[in-house]
Each structure stands twice: as structure tokens, then as C-alpha cells.
Amino acid sequence: AQKITQTQPGMFVQEKEAVTLDCTYDTSDPSYGLFWYKQPSSGEMIFLIYQGSYDQQNATEGRYSLNFQKARKSANLVISASQLGDSAMYFCAMREGFTGNQFYFGTGTSLTVIP
Amino acid sequence: EAEVAQSPRYKITEKSQAVAFWCDPISGHATLYWYRQILGQGPELLVQFQDESVVDDSQLPKDRFSAERLKGVDSTLKIQPAELGDSAMYLCASSLLAGVLARTDTQYFGPGTRLTVL
């Protein structure tokens, strides 16, 4: 089974609107971390936001927030007030446990912001 | 702001040639990762180092790929001989923690090396 599933290959959003990028995960470990990365066309993976499995509140970083629904095993990224520079690939990732060596990545969602 | 450095940024080579990529992690980061990312896919882990030791190289095609991190700082990934299917982005990442509370350990990526094999 896939550890990380991103079901939206491509998304479009109007500039200044909010957009939600979906991510579901699969783990039986009660201790895990969830990460979102942005990858512009230049190729560099840019860390956006982190959510721990024991965190009581949803993570927020500026215009990025994570809608963490533990029972549903989902960790959707919400980008508010989209900007043209937000156009990029977005990857959800997970690391399990106390010594989780593996960093599992999803297949990514391509976001295009329309002016 | 500390960054992961990689070179070269772009490499074009012919099949059967040898290529090498270099990575310098963020200072003080114990763990270093090499990933391969094929266009349209997520990164795939090739090898992971903790200090100078290999922690995981289960996905590294060892007949042609090799990686080292001799002094536990910078690292080199080599492909010999290169094949057409090796064309991809090669990403290096580093993280601070060495096994403790790994779930909180964020990986920081370099700009990548885009390899084209002709």
C-alpha cells in the first residue's frame, strides 16, 4: 500500500483565492511526522510546513496551513491568498517513528495559479 | 541562511561515461540523503548516511552507483557507467537529528543536479 497518496495530479486556482491540496497517509505507527514541500520548475525542494502526530493544533506557517484530520489519516495543505509564485509542484511526505529512516513522498500535485 | 550546496547544477553526458555529483550539507547536520527524481514523480531515496556510515542503500543500484561521505561532512555520488535511464534530477538533502525523534526531523534539500544521458 502507498504510504502517501496525493490524488490530485493537477490543480488550478485563481490568484488571491485559497486552495486545498489533498494528502492521505498510511501508517500503523502512532508516532509520525508529516511534511509539505514545494518544488518550483527550478527543481529545488522547499520545506513549507510540518505537523507531528501528537500535535494538538493544526500547523500554520504564514499563508500555509495544514488541515490535519488524524482519524481520517489526512493532512491537506491549504494555501490562502494564492500568488503567481505559488505555481509549482507540491509534495506531501511522512516520516515514521522514533528512528524512522524512510522519508515517504507522494507523487505530487501540480498547482497553477491563474492571474 | 544555511543551505545545502550541490554541484554541478546541470550535467550532460553520454551513456557509458562516468559522472559524479557533489553535495555539502548544512553545517552540523548528521544525516545526508541522496534522492533520484524522475520527471513527474516524487523523489526516491538512493542512499542515506548518518555521519560517515551508510544507514540505508537498499535502493541504490550498486552495480553502477556508489556513494561516499568519507569525513562525515560532504558527499559524492558516482555513476559508472551512465545509462539512458539514469536521466533524472539528483537531489541531496540533510537533516539535523541522528535517529532521535526522527519523526520531527525536517529534511532540507539542495538545488539538485539535473542529469541528461545521451
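Cut-offs and rules
- Residues numbered from 1 in each chain as written.
- Chains lettered and ligands numbered in written order.
- Predicted model: local features only at pLDDT ≥ 70, side-chain atom pairs only at ≥ 80, totals over all residues.
- Heavy atoms only, no water.
- Helix = DSSP H or I, 4+ residues; strand = E, 2+ residues; numbered from the N terminus.
- Rg over C-alpha atoms; globule rule 2.2 N^0.38 Å.
- Buried < 20%, exposed > 50% of the residue type's maximum accessible area, 1.4 Å probe, protein only.
- Contact = heavy atoms within 4.5 Å.
- Lys, Arg positive; Asp, Glu negative; His and termini not counted.
- Charge placed at Lys NZ, Arg CZ, Asp CG, Glu CD.
- Phe/Tyr/Trp six-rings, centres within 6.5 Å; stacked < 30°, edge-to-face > 60°.
- Lys NZ or Arg CZ within 6 Å of the ring centre and 35° of its normal.
- Core = buried A, V, L, I, M, F, W, Y, C linked by side-chain atoms within 4.5 Å.

1. So, the overall build of chain B
Line of reasoning, step 1. Tallying secondary structure elements over chain B gives zero helices and eleven strands in all.
Line of reasoning, step 2. Beginning at the N terminus, the succession of helices and strands in chain B can be written as β-β-β-β-β-β-β-β-β-β-β.
Line of reasoning, step 3. Relative to the compact-globule value of 13 Å for 118 residues, chain B shows a C-alpha radius of gyration of 14 Å, a close match.
Line of reasoning, step 4. For chain B, the spread of C-alpha atoms along the principal axes amounts to about 40 × 30 × 25 Å.
Line of reasoning, step 5. With 118 residues in all, chain B has 47% of them scored as buried.
Line of reasoning, step 6. Restricting to contacts in chain B with at least 6 residues of sequence separation, those with at least 24 account for 55%.
Line of reasoning, step 7. When the 11 positive and 15 negative side-chain charges of chain B are each reduced to one mean point, those points stand 4 Å apart.

2. Points about the packing of aromatic side chains
Two aromatic rings, taken as a pair, are described by how far apart their centres are and by the angle between their planes.
Line of reasoning, step 1. Applying the stated criterion across every chain, the model contains 15 aromatic pairs over all chains.
Line of reasoning, step 2. On the basis of an interplanar angle of 40 degrees and a centroid distance of 5.6 Å, the ring pair of B:Tyr35 and B:Phe109 is categorised as tilted. One end of the pair, B:Tyr35, is in strand β4 (residues 31–37); the other, B:Phe109, is in strand β10 (residues 108–109), and 74 residues separate them in sequence. One exposure class covers both B:Tyr35 and B:Phe109, and it is buried.
Line of reasoning, step 3. Feature note: the residues A:Phe35, A:Tyr37, A:Phe47, A:Tyr50, A:Phe103, A:Phe105, B:Tyr33, B:Tyr35, B:Tyr108 and B:Phe109 constitute an aromatic cluster, connected by ring pairs.
Line of reasoning, step 4. Across the ring face of A:Tyr104, the terminal group of A:Lys3 is positioned such that the distance to the ring centre comes to 5.4 Å.
Line of reasoning, step 5. The positively charged end of A:Arg63 is found above the aromatic ring belonging to A:Tyr64, 5.7 Å away from the centroid.

3. Notes on the nonpolar core
Line of reasoning, step 1. Counting residues in each nonpolar core, the largest one holds 24 residues, and the members touching the most others are A:Tyr25, A:Trp36, A:Ile49, A:Leu77, A:Ile79 and A:Tyr90.
Line of reasoning, step 2. Contributions of two or more residues to this core are made by β3 (19–21), β5 (32–39), β6 (46–52), β8 (64–69), β9 (74–79), β10 (88–96) and β12 (109–114) of chain A.
Line of reasoning, step 3. With four residues, β10(A) is the largest single contributor of residues to this core.
Line of reasoning, step 4. Apart from residues no more than four positions distant in its own chain, A:Ile49 is found in contact with A:Leu34, A:Phe35, A:Trp36, A:Ala59, A:Thr60, A:Glu61, A:Tyr64, A:Ser65, A:Leu66 and A:Leu77.
Line of reasoning, step 5. Listed in part, the 20 residues of the second largest apolar core include B:Trp34, B:Val47, B:Phe65 and B:Tyr90.

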